[in-house]
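Chain and residue survey
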Amino acid sequence: MYAIAKVIIALGAFIAPSVAFSGDMTYYAPGLGACGLTNTESEAVVAMSPSQDGNCGRTINISYNGKTASATVVDKCPGCAGDSIDVSPAVFEQLESLDAGRVQVTWEYA
Ligand SMILES: *[C@@H]1O[C@H](CO)[C@@H](O)[C@H](O)[C@H]1NC(C)=O
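Cut-offs and rules
- Residues numbered from 1 in each chain as written.
- Predicted model: local features only at pLDDT ≥ 70, side-chain atom pairs only at ≥ 80, totals over all residues.
- Heavy atoms only, no water.
- Salt bridge = Lys/Arg side-chain N within 4 Å of Asp/Glu carboxyl O.
- Helix = DSSP H or I, 4+ residues; strand = E, 2+ residues; numbered from the N terminus.
- Buried < 20%, exposed > 50% of the residue type's maximum accessible area, 1.4 Å probe, protein only.
- Disulfide = S-S within 2.5 Å.
- Near = heavy atom within 4 Å.
- Polar contact = N/O pair within 3.5 Å; in protein donor to acceptor, adjacent residues only side chain to side chain.
- Areas by Shrake-Rupley, 256 points an atom, 1.4 Å probe, with all protein chains shown as cover.
- Nonpolar A, V, L, I, M, F, W, Y, C, P; charged D, E, K, R; others polar.

The name that an unreviewed UniProt entry assigns to the protein chain is RlpA-like protein double-psi beta-barrel domain-containing protein, with the source organism given as Daldinia eschscholtzii.

Looking now at the pattern of salt bridges. The final tally for this structure, using the stated rule, is two salt bridges. As a salt-bridge pair, D24 and R102 come within 2.8 Å of each other at their nearest N and O atoms. Residue D24 is found in strand β1 (residues 20-27), and its partner R102 is found in the loop between α2 (89-95) and β6 (103-109); the two are separated by 78 residues along the sequence. The exposed category is assigned to R102, whose relative accessible area is 53%.

On to the state of the cysteines, then. Enumeration according to the criterion identifies two disulfides in this entry. Through a disulfide, C35 is tied to C56; the S-S separation comes to 2.0 Å. Around the S-S axis, the bridge from C35 to C56 shows a dihedral of about -85 degrees and counts as left-handed. Of this pair, C35 sits in the loop between β1 and β2 (45-48) while C56 is found in the loop between β2 and β3 (59-64), placing the two residues 21 residues apart along the sequence.

Near the ligand, the surroundings consist of N61, S70, E108, Y109 and A110. Side-chain polar atom of N61 to an oxygen atom of the ligand: 2.4 Å apart, as the coordinates give it. Between E108 and the ligand, the recorded distance is 3.0 Å, taken from a side-chain N or O atom to an oxygen atom. Protein contacts shield 36% of the accessible area of the ligand, which totals 370 Å² for the unbound molecule. Broken down by class, the residue content of the shell around the ligand amounts to two nonpolar, two polar and one charged.

Right, here's the structure in full:
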């Protein structure tokens, strides 16, 4: 019984698609973040909405317009609604010109 449950759980973890989130992506000037790290605009970092609290240090992959960029969670974004994210300019620029300011993206934990 126990062994069968373990097999089912292992199988589920293997076949379950990774959860993708979607929301707006904006950019900010990183500094001392809620995770206790100090980061700069040239580092690939992201601040997460309150719905994604407690994920300091995890990496996310952001998809936009056929492109992908990775960023490490270093801060909170209290003003981010839903699953929106606030990234460093270095990340934003990999996907879209900073002039755009705000674009809709999908992202997932790497
Ligand atoms: C995230 O991106 C990295 C680097 O491109 C890649 O190796 C990894 O497989 C991606 N993870 C997911 C869940 O897509």
